[in-house]
Amino acid sequence: MKSSRILPAYVGIYIVFLYLPVALIPLFSFNDAIQAAFPLKGVTLSWYRTLLETPAIGQALINSLIIATAAAAISTLCATTISYLDVFPRPVLSRLVSGLARMPILIPGVIVGIALLILVNLAGLGPSRPAIVMGHVLVCLPAAVTVIRARFVAIPQSLAEAASDLGASDWTVFRRAILPLAGSAIASAFTLAFLTSFDEFIVAYFLSGTEPTLPLYIWSQLRFPKSLPVVMALGTLILLASVILATLAEVLRRRSRI
Amino acid sequence: MRPRHALTNGTGFRATMSLPGVLVTFGLVLFAMVLVVALAFRINDGAFLKGPMSLANFITILTDSLYARVMLRSLWISGLVTLATVATAYPVAWYLAFHAGKRRGLILFLVTLPFWTSYLLRVFAWKVVLAYNGVLNSAMVSLGIWDQPSTAFLNNPTAVIITLAHAYAPFAILPIFVALQTIPRSLIEASSDLGASRTQVFARIILPLSMPGVLGGALVVFVPTIGDYVTPAMLGGPSSTMIGNLIQAQFGKANDWPFGAALAVATMLVILIAVILLRQADRRWGSRV
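About the thresholds
- Residues numbered from 1 in each chain as written.
- Chains lettered and ligands numbered in written order.
- Predicted model: local features only at pLDDT ≥ 70, side-chain atom pairs only at ≥ 80, totals over all residues.
- Heavy atoms only, no water.
- Helix = DSSP H or I, 4+ residues; strand = E, 2+ residues; numbered from the N terminus.
- Rg over C-alpha atoms; globule rule 2.2 N^0.38 Å.
- Buried < 20%, exposed > 50% of the residue type's maximum accessible area, 1.4 Å probe, protein only.
- Contact = heavy atoms within 4.5 Å.
- Areas by Shrake-Rupley, 256 points an atom, 1.4 Å probe, with all protein chains shown as cover.
- Lys, Arg positive; Asp, Glu negative; His and termini not counted.
- Charge placed at Lys NZ, Arg CZ, Asp CG, Glu CD.
- Buried area = accessible area lost by both parts, 1.4 Å probe.
- Salt bridge = Lys/Arg side-chain N within 4 Å of Asp/Glu carboxyl O.
- Polar contact = N/O pair within 3.5 Å; in protein donor to acceptor, adjacent residues only side chain to side chain.
- Nonpolar A, V, L, I, M, F, W, Y, C, P; charged D, E, K, R; others polar.
- Expected span 1.5 Å × (residues − 1).
- Bend = angle between axes of the 7 residues up to and from the residue.
- UniProt positions renumbered as here; feature names shortened; annotations may be inferred.
- Phe/Tyr/Trp six-rings, centres within 6.5 Å; stacked < 30°, edge-to-face > 60°.
- Patch = residues over 30% accessible without salt bridge, like charges linked within 9 Å, V, L, I, M, F, W, Y side chains within 5 Å.
- Axes fitted to C-alpha atoms, helices over the stretch in contact; angles between N-to-C directions.
- Parallel < 35°, antiparallel > 145°, perpendicular 65-115°, else oblique.
- Left-handed = near helix turned anticlockwise from the far one by under 90°.

Participant: Help me understand the overall build of chain B, please; the structure alone is not making it clear to me.
Facilitator: Assigned secondary structure in chain B consists of 13 helices and zero strands. Helices (α) and strands (β) of chain B occur, in sequence order from the N terminus, as α-α-α-α-α-α-α-α-α-α-α-α-α. A compact globule built from 289 residues should have a C-alpha radius of gyration of about 19 Å, whereas chain B, at 24 Å, is more than 25% larger. When the 289 residues of chain B are sorted by exposure, 51% land in the buried category. For chain B, the share of sequence-separated contacts (at least 6 apart) that also reach a separation of at least 24 residues comes to 66%. Accessible area of chain B: about 13,700 Å², with a carbon and sulfur share of 67%. Side chains of chain B give 20 positive and 8 negative charges; the mean places of these two sets differ by 12 Å.

Structural data, given as structure tokens:
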């Protein structure tokens, strides 16, 4: 098939269009005006200064980091064990669990949020940080299982069988033969889960108690036109962190293919 | 089995390894969904899950035309968004599968990167673009193209559709790309050797074989958009309230959790029907080798 010039041009325009609206956030975060409008008024760092001087943002950041770390750790642990049992011994229950773990991708975020809200109320826990962690584990699990499972599938079964024939216990096979081969994929899944939780809004919206996460803080500020420039400065830093972490996850994932 | 090995071998090992997954899938995913269904059959009498069952919520949903109207609007909006995303993603996936060469890795990374950035910020960016004193209006006025800013861009379903289609644009690329990539090149060569035109090769070979990817991509866009809350709340105005906003309201201002749960069950049923229809479509048109 001959490549025409129209197709590459289309792909180029597509990518530009993909990034254009988001690129406005960093642009206006340096603009010396409250209103995000053209013409640009001049360069300023004052929105970033306000950002650093707002204690509520620091508190929200700490909350987000705690929640994202816990949610990523739990969902990576679950995804690793679920994928291992699904790929290597393959009992029926493990395949069912693996399917269920990937199901939340078919549930809209609002419904995941209210389902967990009902659950934590029944459990007497109520909206709180642990409640958000639970919700985020569900949101992060499908991607984590998909990434780790794909890596396990690529490892030859004969490796596990050989280790087992040479007298390794099931635990040793898992820990010494398979786990080291999947290290990069597991690290990649952790990074992506961390990112997902860190950026997640709607589930946290239902499950937060008195301590907002960063996306919840942003949502609460969107009503006030005066705080929009600070939101843009904050958004710029969040986007920057997301791009760095997503790149890291991609590098890890590519390394795991070798 | 000796007790020393209880946790390192055989059933003991499997039980330990199963524990986290079983807890999360049965204890969280499944149990939470069962609770939603159970609460949907309750009424808002303050007794939460303890109390007599009732079909009252579902009767209201079926008889009050408001809910049918909002559900249809959600279906219509997410249907259009799905169509737009899949149609714009297909050529990109095509380029990636057949022409990208060395640039494939980079382009794949560039189109999936927005997936990992904050959805809230992507929607917010559109509000900045479309607002009355926003980017689009101010740019057009300062360039002298328009005399005055327009309010026409915000608070309508079109704003919601554009924003959602943009926010979910890259989601459909990956499944279509994977489907296109797995088509054996020999099939394409054989059909053109046998005299098929490029259009025929596309319509009779490539499109049917990439259908599982197209339908998979459609699903990952359709499910989150039909229940979306953020975009209609931020950009849609009252004329584009979607089912996700109604569900949220029941857990917020309206404070009728059982009714909110019933709306969630109705939404899941609509999604289930859509999944079944897509499966049928896949079986019918997505001929596999």
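More follows now that the structure is in view.
Participant: Any chance you could explain unusual backbone geometry here in plain terms?
Facilitator: In terms of backbone geometry, most residues other than glycine have negative phi values and most peptide bonds are trans. All names here are of chain B. Phi is positive for Asn155, which is not a glycine, with a value near 60°. As for its position among the elements, Asn155 is in the loop between α6 (135-142) and α7 (157-167). Relative accessible area serves as the criterion here: at 45%, Asn155 is assigned to the partly exposed category. One non-glycine residue, Asn255, adopts positive backbone phi at about 50°.

Participant: What should I look at first to understand the interface of chain A and chain B in this one?
Facilitator: A common measure of how large an interface is: the accessible area buried when the components associate. With 84 residues of chain A at the contact, the number on the chain B side is 82 residues. When chain A packs against chain B, the two sides together hide about 7,300 Å² of surface, and 84% of this comes from carbon and sulfur. Remark: the boundary between chain A and chain B carries zero salt bridges. Where chain A meets chain B, there are eight residue pairs in polar contact (both at pLDDT 80 or more). With 14 residues, the single largest contributor to the side of chain A that touches chain B is helix α1 (residues 6-29) of chain A. Of the residues in the side of chain A that touches chain B, the class split is 70 nonpolar, nine polar and five charged.

Participant: What is the right way to look at helix α6 (residues 129-154) of chain A in this model?
Facilitator: An ideal rise of 1.5 Å per residue puts 38 Å on 26 residues; α6(A) measures up with 37 Å between its terminal C-alpha atoms. Of all the bends found along α6(A), the most pronounced is centred on A:Leu141 and spans about 40°, while A:Pro142, a proline, follows it within four residues.

Participant: Sorry, what's going on with the UniProt feature "transmembrane region" (unreviewed entry) in chain A here?
Facilitator: All names here are of chain A. What UniProt calls "transmembrane region" (unreviewed entry) maps, in this numbering, to residues 7-30, 60-85, 105-125, 131-148 and 227-252. Structurally, residues 7-30 is divided into 96% helix and 0% strand, and its ends, taken at the C-alpha atoms, are 35 Å apart. From the first C-alpha to the last, residues 105-125 spans 25 Å; its make-up is 67% helix and 0% strand.

Participant: Quick question: what am I supposed to make of the UniProt feature "domain: ABC transmembrane type-1" (unreviewed entry) in chain A here?
Facilitator: Feature annotation in UniProt assigns "domain: ABC transmembrane type-1" (unreviewed entry) to the following positions: residues 61-249 of chain A. As annotated, residues 61-249 of chain A comprises 80% helix and 0% strand, and the C-alpha atoms at either end are separated by 21 Å.

Participant: Can you help me understand the packing of aromatic side chains in this one?
Facilitator: The relation between two aromatic rings is expressed through the spacing of the ring centres and the mutual angle of the planes. Overall, the coordinates contain 30 aromatic pairs over all chains when judged by the stated rule. Ring centres of A:Phe201 and A:Trp219 lie 4.8 Å apart, and the angle between their planes is 40°; this geometry places the pair in the tilted category. One end of the pair, A:Phe201, is in the loop between α8 (170-199) and α9 (202-207); the other, A:Trp219, is in helix α10 (residues 214-221), and 18 residues separate them in sequence. The burial state of A:Phe201 is the same as that of A:Trp219; both residues are buried. Relative to B:Phe153, the ring of B:Trp146 lies with its centre 5.7 Å away and its plane at 25°, an arrangement referred to as stacked. For B:Trp146, a relative accessible area of 30% translates into the label partly exposed. Put simply, the rings of A:Phe201, A:Tyr205, A:Phe206, A:Trp219, B:Phe48, B:Tyr229, B:Phe251 and B:Trp257 touch in pairs and so form one group of aromatic residues.

Participant: What should I look at first to understand a nonpolar patch on the surface in this one?
Facilitator: On the surface, A:Phe30, A:Val43 and A:Leu45 cluster together into a nonpolar patch covering about 310 Å² of accessible area. With respect to the helices, strands and loops of the structure, A:Leu45 is situated in the loop between α1 and α2 (46-53).

Participant: Looking at this model, I keep getting lost on the side chain of A:Arg151. Mind explaining?
Facilitator: Residues and elements named next belong to chain A. In this structure, Arg151 sits in helix α6. Notably, Arg151 is buried but unbridged: the nearest opposite-charge side chain belongs to Glu250, and the N-O separation is 14 Å. Separated by 3.0 Å, the side chain of Arg151 and the backbone oxygen of Leu181 make a polar contact.

Participant: Looking at this model, I keep getting lost on the environment of B:Trp116. Mind explaining?
Facilitator: Residue position: B:Trp116 is located in the loop between α4 (104-112) and α5 (119-130). When neighbours within four sequence positions are excluded, B:Trp116 is seen to be in contact with A:Ala143, A:Leu192, A:Leu195, A:Thr196, A:Asp199, A:Ser242 and A:Ala246.

Participant: Just to check I follow, could you spell out the pattern of salt bridges for this structure?
Facilitator: Opposite charge on two side chains makes pairing possible when the charged atoms of those side chains draw close. All names here are of chain A. A full pass over the atoms with the stated rule returns six salt bridges over all chains. The salt bridge partner of Asp86 is Arg149, with a shortest N-O separation of 2.5 Å. Taken together, the residues Asp86 in helix α3 (residues 55-87) and Arg149 in helix α6 connect sequence positions 63 residues apart. Here Arg129 and Glu211 are joined by a salt bridge, their closest N and O atoms 3.9 Å apart. On the criterion of sequence distance, the pair formed by Arg129 in helix α6 and Glu211 in the loop between α9 and α10 is long-range, its members being 82 residues apart.

Participant: I'm lost on the packing of helix α8 (residues 173-181) of chain B against helix α10 (residues 198-226) of chain B in this one. Help?
Facilitator: Residue and element names in this part refer to chain B. With their axes 7 Å apart at the nearest point, α8 and α10 run at an angle of 155° to one another. If you check the angle between α8 and α10, you find them roughly antiparallel. Considering only the axes of α8 and α10, their crossing is right-handed. Contact residues: α8 offers Pro175, Ile176, Ala179 and Leu180, while α10 offers Ile206, Leu209, Ser210, Gly213, Val214, Gly216 and Gly217. Of the residues contributing to the contact of α8 with α10, the split by class is seven nonpolar, four polar and no charged.

Participant: Looking at this model, I keep getting lost on the packing of α5(B) against α7(B). Mind explaining?
Facilitator: Each pair of packed helices gets described by two things: the angle between the helix axes and the distance between those axes. All names here are of chain B. Between α5 and α7, the shortest axis-to-axis distance is 10 Å and the interhelical angle comes to 135°. By the criterion of interaxial angle, the relationship of α5 to α7 is oblique. Between α5 and α7 lies a crossing of right-handed hand. Contacts between α5 and α7 involve Tyr119, Arg122, Val123, Trp126 and Leu130 from the first element and Ala159, Ile162, Thr163, Leu164, His166 and Ala167 from the second.

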